[in-house]
Amino acid sequence: QVQLVESGGGLVQPGGSLRLSCAASGFTFSTYVMRWYRQAPGKERELVAGISSAGNTNYADSMKGRFIISRDNAKNMVYLQMNALQPEDTAVYYCHAIHILSRRNYWGQGTQVTVSS
């Protein structure tokens, strides 16, 4: 059974930091590109960052320099370090896995991040 379980969300003040984690199971983690997406109320889901099995990363322009995606293939984990958070970063953050060849993909259930004073 495939599972992507996010954790680490919560309430943080503007300028603060959070680290999201995603625990993957039920598939061959090293053959999947891992991504974080987010969806704010009333907005479409958007890509935050992605990381290949080899550790190559890409970021949405608004996250560059503030967010860092990483993965641990031995632990089947992917992380998102979020710094200098702003109210506009408030959203549900989703972990996503997509196979490098077949494009089969999976979603986590999401974790809420709220940035507010």
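Structural data are supplied above this passage.
Below or above, wherever it landed, is the structure these notes cover. (Residues numbered from 1 in each chain as written. Predicted model: local features only at pLDDT ≥ 70, side-chain atom pairs only at ≥ 80, totals over all residues. Heavy atoms only, no water.)

### A look at unusual backbone geometry
As a reminder, the rule being used: Numbered from the N terminus, helices here are DSSP runs of H or I no shorter than four residues, and strands are runs of E no shorter than two. When accessible area is computed with a 1.4 Å probe and restricted to protein chains, residues below 20% of their type maximum are described as buried, those above 50% as exposed, and intermediate ones as partly exposed.
Backbone geometry places Asn-76, a non-glycine residue, at a positive phi of 55°. The topology assignment puts Asn-76 in the loop between strand E7 (67-72) and strand E8 (77-82). For Asn-76, a relative accessible area of 24% corresponds to the partly exposed category. With a phi close to 70°, Arg-103 is a non-glycine residue in the positive phi region. Note on placement: Arg-103 falls in the loop between strand E9 (91-99) and strand E10 (105-107).

### Overview of the nonpolar core
Soluble globular proteins: nonpolar side chains tend toward being buried together. Selection criterion: Only buried residues count toward a nonpolar core. Its members are Ala, Val, Leu, Ile, Met, Phe, Trp, Tyr and Cys residues joined through side-chain atoms within 4.5 Å. Should any heavy atoms of two residues lie within 4.5 Å, those residues are considered in contact.
Among the nonpolar cores identified, the biggest contains 30 residues, and Leu-4, Met-34, Trp-36, Leu-80, Met-82 and Tyr-93 are the most heavily contacted of them. Broken down by secondary-structure element, the contributors of at least two residues to this core are strand E3 (18-25), strand E4 (32-39), strand E5 (46-51), E7, E8, E9 and strand E11 (111-115). Not counting chain neighbours up to four residues away, the residues in contact with Met-34 comprise Leu-4, Phe-29, Ala-49, Gly-50, Ile-51, Ile-69, Arg-71, Val-78, Cys-95, His-96 and Ala-97.

### Comments concerning the environment of Arg-38
Put simply, the rule is: Residues adjacent in sequence count toward polar contacts only when both atoms are side-chain atoms; beyond that, a polar contact is any pair of N or O atoms within 3.5 Å, and within protein one must be able to donate a hydrogen and the other to accept it.
Along the polypeptide, Arg-38 turns up in strand E4. Relative accessible area serves as the criterion here: at 6%, Arg-38 is assigned to the buried category. The spacing of Arg-38 and Val-113 is 75 residues in sequence and 9.4 Å in space, taken between C-alpha atoms. At 2.8 Å, the side chain of Arg-38 and the side chain of Asp-89 are in polar contact.

### A word on the pattern of salt bridges
Stated formally: The salt bridge criterion pairs a side-chain nitrogen of Lys or Arg with a carboxyl oxygen of Asp or Glu, the two atoms within 4 Å.
Following the criterion strictly, the structure yields four salt bridges and no others. Lys-64 is paired through a salt bridge with Asp-61; the nearest N and O atoms lie 3.3 Å apart. Taking relative accessible area as the criterion, Asp-61 reaches 66% and is therefore assigned exposed. In this structure, Asp-89 engages Arg-66 in a salt bridge whose closest nitrogen and oxygen atoms are separated by 2.8 Å. Highlighted residues: Asp-89 in the loop between E8 and E9 and Arg-66 in the loop between strand E6 (57-59) and E7, separated in sequence by 23 residues. In terms of burial, Asp-89 and Arg-66 fall into one category: buried.

### Describing the side chain of Thr-111
Residue placement: Thr-111 occurs in strand E11. At a separation of 3.3 Å, a polar atom in the side chain of Thr-111 contacts the main-chain amide nitrogen of Gly-9. Here Thr-111 is in contact with Glu-6, Ser-7, Gly-8, Gly-9, Leu-20, Ala-91, Val-92 and Tyr-93, once residues within four sequence places are set aside.

### A short note on the pairing of E3
Counted only if it meets this: Being paired, for any two strands, means DSSP has found at least two bridges between them.
When strand E1 (residues 3-7) meets E3, the two strands line up antiparallel, connected through five bridges. Among the inter-strand pairings, Leu-4 is bridged to a residue of E3, identified as Ala-24. Sheet analysis places E3 next to E8, joined by six bridges and oriented antiparallel. Bridge pairing in E8 places Cys-22 opposite Val-78.

These results come straight from atomic positions and should not be treated as a statement about function.
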